[in-house]
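Structural characterization, general
The residues making up each chain are set out below.
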Amino acid sequence: MNIDLEIFSPVQAISNPLFDEHGVKVFLKRDDLIHPMISGNKWRKLKYLLKTAQSQSKNHLITFGGAYSNHLLATAAATAKFGFKATGIVRGEQVNNDTLFLCKLHGMRLVFTDRDSYRDKHALFAQHYGDDTDAFFIDEGGASPEAALGCAELVDELTETYDHIFCACGTGTTAAGIINGLSRRQLKTRFNAVPVFKNGAFIREEINKFLITPADYDLHTDYHFGGYGKADAELIGFIKEFVAATGIVIEPVYTGKMMYALYDLIGKGHFEPGSKILAIHSGGIWGLLGMKDKF
Ligand SMILES: *Cc1c(COP(=O)(O)O)cnc(C)c1O
């Protein structure tokens, strides 16, 4: 089977009086529209991993994530679509939630693992699947050179140039891929990463691991709102306003923090008037289901 999806990810202008006031233009690349379940950057990250598994005739994909992991859900949906078997190793005690329900719906087997053993994923893989010649290891969040390769293709799809690109950042693989894509095309676009957890400065090391050539870029580390999966009334209020004003759904874990950062920096006059800014909607809107009680 040919492992591919037709990419539908249009670039769309968004408007706000704030942008006019500061003389900037803001666009959103709608990677969230690539697939309803294999959403956004997760398809780009999985594409070459699935192709590699297929070329090695490995039919059982083993991967890792927290109980609300967009990566687990994307893997479950992608493996179902392309005819693989999948096991998700889930951090922590057995729970049920909307994300895990959707994983199971796509036929993913779930194995819950205590937080200590979860830390060493290669050891877990060797222990449970070391003898399984069909098993293929995919790291948490899909982090890998293959994933960075897939994300670089986002840049090839752009038909215009931008002064800035903004992207939310978890493992940093998507950021690295986009930076590689910019380097490959020798574009001067400034990349801006918004880490979604506390003390995000360390992510520079993770991003740099996957860079094909050294590159300079900006990290905006002050938009974590208390840490991964954390949100306050300010962030939730921003998301509600954004969704109501644009009709585009964002969520508090990734895209909400990234867009908040962008609006905040525009308001602070961070960008030169005339700047064209492209934000990446990296998908993940099912994450909303785990945060209903915050709204
Ligand atoms: C997983 C995810 C990210 C983070 O991607 P990394 O490559 O791990 O940095 C960003 N946005 C959304 C919506 C995600 O689901």
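If you're wondering where the values come from, they're calculated on a predicted model, not measured in any experiment.

Here's the deal with empty space enclosed by the protein
Scanning the entire structure with this criterion turns up one cavity of 30 Å³ or more. Approximately 40 Å³ is the volume attributed to the largest cavity. The wall of the largest cavity is formed by Met 37, Ser 39, Lys 42, Asn 70, Leu 73, Ala 74, Gly 284 and Trp 286. Sorting elements by how many residues they give to the lining of the largest cavity places helix H3 (residues 70-82) first, with three residues. Residues that form the lining of the largest cavity fall into these classes: four nonpolar, three polar and one charged.

Some words on the site of the ligand
Surveying the vicinity of the ligand reveals 15 residues, the closest of which are Lys 42, Gly 170, Thr 171, Thr 174 and Ser 282. Between the ligand and the protein, one listed contact pairs an oxygen atom with a side-chain N or O atom of Lys 45 at 2.7 Å. One of the side-chain nitrogen or oxygen atoms of Thr 171 is found 2.7 Å away from an oxygen atom of the ligand. When the free accessible area of the ligand is taken as 390 Å², the share hidden by the protein chains comes to 98%. Mapped onto the shell around the ligand, the elements with two or more residues apiece are helix H2 (41-55), strand S7 (164-169) and helix H8 (173-184). Among the elements that take part in the shell around the ligand, H2 stands out by supplying three residues, more than any other. Of the residues in the shell around the ligand, the class split is three nonpolar, 10 polar and two charged.

Overview of the sheet that holds strand S8 (residues 190-195)
By definition, the strands of a sheet pair up through backbone hydrogen bonds, in either a parallel or an antiparallel sense. Strand order in this open sheet of six strands is S1-S2-S10-S7-S8-S9, and the pairing throughout is mixed. Each edge of the open sheet is held by one strand with a lone partner, namely strand S1 (11-14) and strand S9 (218-219). Sheet analysis places S1 next to strand S2 (residues 25-29), joined by four bridges and oriented antiparallel. By the bridge assignment for S2, Ala 13 is matched with Phe 27.

Criteria and thresholds
- Residues numbered from 1 in each chain as written.
- Predicted model: local features only at pLDDT ≥ 70, side-chain atom pairs only at ≥ 80, totals over all residues.
- Heavy atoms only, no water.
- 1 Å grid on protein atoms, 1.4 Å probe; cavity = no way out; pocket = protein on both sides within 12 Å on 5 of 7 lines; lining within 4 Å.
- Points joined across faces, edges and corners; volume = space filled by probe spheres on them.
- Helix = DSSP H or I, 4+ residues; strand = E, 2+ residues; numbered from the N terminus.
- Nonpolar A, V, L, I, M, F, W, Y, C, P; charged D, E, K, R; others polar.
- Near = heavy atom within 4 Å.
- Polar contact = N/O pair within 3.5 Å; in protein donor to acceptor, adjacent residues only side chain to side chain.
- Areas by Shrake-Rupley, 256 points an atom, 1.4 Å probe, with all protein chains shown as cover.
- Pairing = 2+ DSSP bridges.

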